[in-house]
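Understanding the architecture of this molecule
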Amino acid sequence: MEVDSLFRLAAAEAARFRNDVAERPHRPLRGYADSVSVFSEPLPDQGADAEGVLLQLVAMAEPGLHLMAGPRFFGWVIGGSHPAGVAADMLTSAWGQNAGNHTAAPAAAAAEVVAGRWLLDLLDLPRTSSIGFVTGATVANFTCLAAARGAVLRAHGWDPDTKGLFGAPPIAVLIGDDAHTTIFSALQFLGLGHDRVVRVETDGEGRIRPEAFARAMAAVDGPAIAILQAGQINTGAFDEFSTLIPLAKAKGAWVHVDGAFGLWARACPERRAQADGVELADSWATDGHKWLQTPYDSGYAIVRDELAHRRAMTIAASYLPLAGEGERDPSHYVPELSRRARGFATWAMIRHLGRSGIAAMIERNCRAATILAERLAGNSGIAVLNAVKLNQVVLRFGARLSPDAGDRLTQEVIALVQKDGRIFAGGAVWRGRQVMRLSVSNWQTDEEEAELAADAVLSAYERAVDGAG
């Protein structure tokens, strides 16, 4: 096998795909069932030439790829995997490092140490916090809440790491009614249950109501974890950290913040006030593959109490080298031993963009969201349902129609937008009704792209109204 030609071919195909993203329809050209059919063949008895296999993979996969790297992909909060991060990730794959410990992969461990310092500086969180480089916010939430579970139980005389949860004091978990689904999954994985939580009332933007939180905290007697949110998945809203966190701390609760994308507001001077007080929490979860634009498989579990973090995650065995004074094993902060060297792409993206570039990108996306909202709100038949202060826009079509008719029209507009392909936008249910949700989180999306996107939505709306008439 000729490594040089194979890697050149892969790089050339990757570059060709990326160079076409602005022109290709922002949707898959082939659906799931047809993609399964294309890939389906009997298990090969004999191997095949590697370059031929690579070209076959490109031909079979590309029509079924969503254009998540495109500048007008608004379906979910998904970063555009910036080329600088992708290139670093290519090297990460080629280097083939298992980043489990500092002895096996010194450079990988070092990159995590420095990238972690930079992250704490960018997000302005306590500089002595520990960071686990995980797959994404789901596992980041899990990791942080594992640290929380151990800490609050030990504070009440129970060590769950040695005794498990059988016979442990019950943990009260307080969470907002509009928390993201991944939080509930993390609680399920940790044995805390996704339905035994105390759900706290939220307002029209999905923020926890302070008076409801105060009542819920007053009823707590024993170990407790409070889960707050930086960036509600539909509206982009932030809980009132400066009010809520002291209430939780007064009862001895551990406060965790799910900030998958919203925590990045801390890196943008124009937007950071929305997250004031978040630094008072005990742990934070966020993604790199959203607003930092790293490739996928990049999230960060950040914990104020490093010992609690390590106690929850450390994997030890006689054949593994020990970390000495001043050394850091990546696997001590994540629920994995064998793992990808995720720090390289994070280091590369921060080094490439710098503090000012990251801030400018976030502000550019937020301005684009505002332009979208203002353009669409100018049509009397379209309602913007949230206060657009970050990157999320929630839309309802048929503002003067009955609720059921509005649901049907909203779904029709979403279908027409997706069929047209100039942009991709998805639907959601918000406050019991169908909505379109636009999430602006791509490094390429600027004011011009926002205008193009608004044109596409308005065109689909007009066609839907004409068709209904």
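Okay, so let's go over this structure. What you are looking at is a predicted structure, and each value in this text was computed from that prediction instead of being measured.

**Brief notes about the packing of aromatic side chains**
- On inspection of all chains with the given rule, the structure shows 8 aromatic pairs.
- The interplanar angle of 75° and the centroid separation of 5.0 Å between the aromatic rings of tryptophan 95 and phenylalanine 344 together place this pair among those described as edge-to-face. Here phenylalanine 344 lies in helix α12 (residues 343-377) and tryptophan 95 lies in helix α4 (residues 83-95), a separation of 249 residues in the sequence.
- On the basis of relative accessible area, tryptophan 95 is assigned to the partly exposed category, the value being 46%.
- Under the relative-accessibility criterion, phenylalanine 344 is labelled buried at 13%.
- Members of the aromatic cluster, each reached through a chain of ring pairs, are Phe73, Trp76 and Phe424.
- Residue placement shows arginine 431 over the ring face of tryptophan 430; its charged tip is 4.0 Å from the ring centre.

**Topic: the pairing of strand β1 (residues 130-134)**
- Burial runs high along β1: 5 of the 5 residues are buried.
- Where burial is concerned, the two faces of β1 agree: the one with Ser130, Gly132 and Val134 and the one with Ile131 and Phe133 are both buried.
- Of the strand pairs in this sheet, β1 and strand β7 (residues 299-303) are connected by 5 bridges, and their pairing is antiparallel. From the neighbouring strand, isoleucine 131 faces β7, where its bridge partner is isoleucine 302.

**A short note on empty space enclosed by the protein**
- Within the structure shown, the criterion is met by 2 cavities of 30 Å³ or more.
- Estimated volume of the largest cavity: approximately 70 Å³.
- Looking at the largest cavity, the residues that line it are Ile175, Gly176, Ala179, His180, Ile183, Gly206, Ile208, Ile227, Leu228, Gln229, Asp239 and Asp258.
- Among the elements of the structure, β2 (172-176) and β4 (224-229) are those that each provide at least two residues to the lining of the largest cavity.
- In terms of residue count, the dominant contributor to the lining of the largest cavity is β4 (3 residues).
- Among the residues forming the lining of the largest cavity, the class breakdown is 6 nonpolar, 4 polar and 2 charged.
- Volume-wise, the second largest cavity comes out at about 60 Å³.
- As for the second largest cavity, its lining consists of Asp89, Thr294, Pro295, Tyr296, Asp297, Ser298, Arg340, Arg342 and Ala345.
- Along the lines of polarity and charge, the residues of the lining of the second largest cavity split into 3 nonpolar, 2 polar and 4 charged.

What counts and how
- Residues numbered from 1 in each chain as written.
- Predicted model: local features only at pLDDT ≥ 70, side-chain atom pairs only at ≥ 80, totals over all residues.
- Heavy atoms only, no water.
- Phe/Tyr/Trp six-rings, centres within 6.5 Å; stacked < 30°, edge-to-face > 60°.
- Helix = DSSP H or I, 4+ residues; strand = E, 2+ residues; numbered from the N terminus.
- Buried < 20%, exposed > 50% of the residue type's maximum accessible area, 1.4 Å probe, protein only.
- Lys NZ or Arg CZ within 6 Å of the ring centre and 35° of its normal.
- Pairing = 2+ DSSP bridges.
- 1 Å grid on protein atoms, 1.4 Å probe; cavity = no way out; pocket = protein on both sides within 12 Å on 5 of 7 lines; lining within 4 Å.
- Points joined across faces, edges and corners; volume = space filled by probe spheres on them.
- Nonpolar A, V, L, I, M, F, W, Y, C, P; charged D, E, K, R; others polar.

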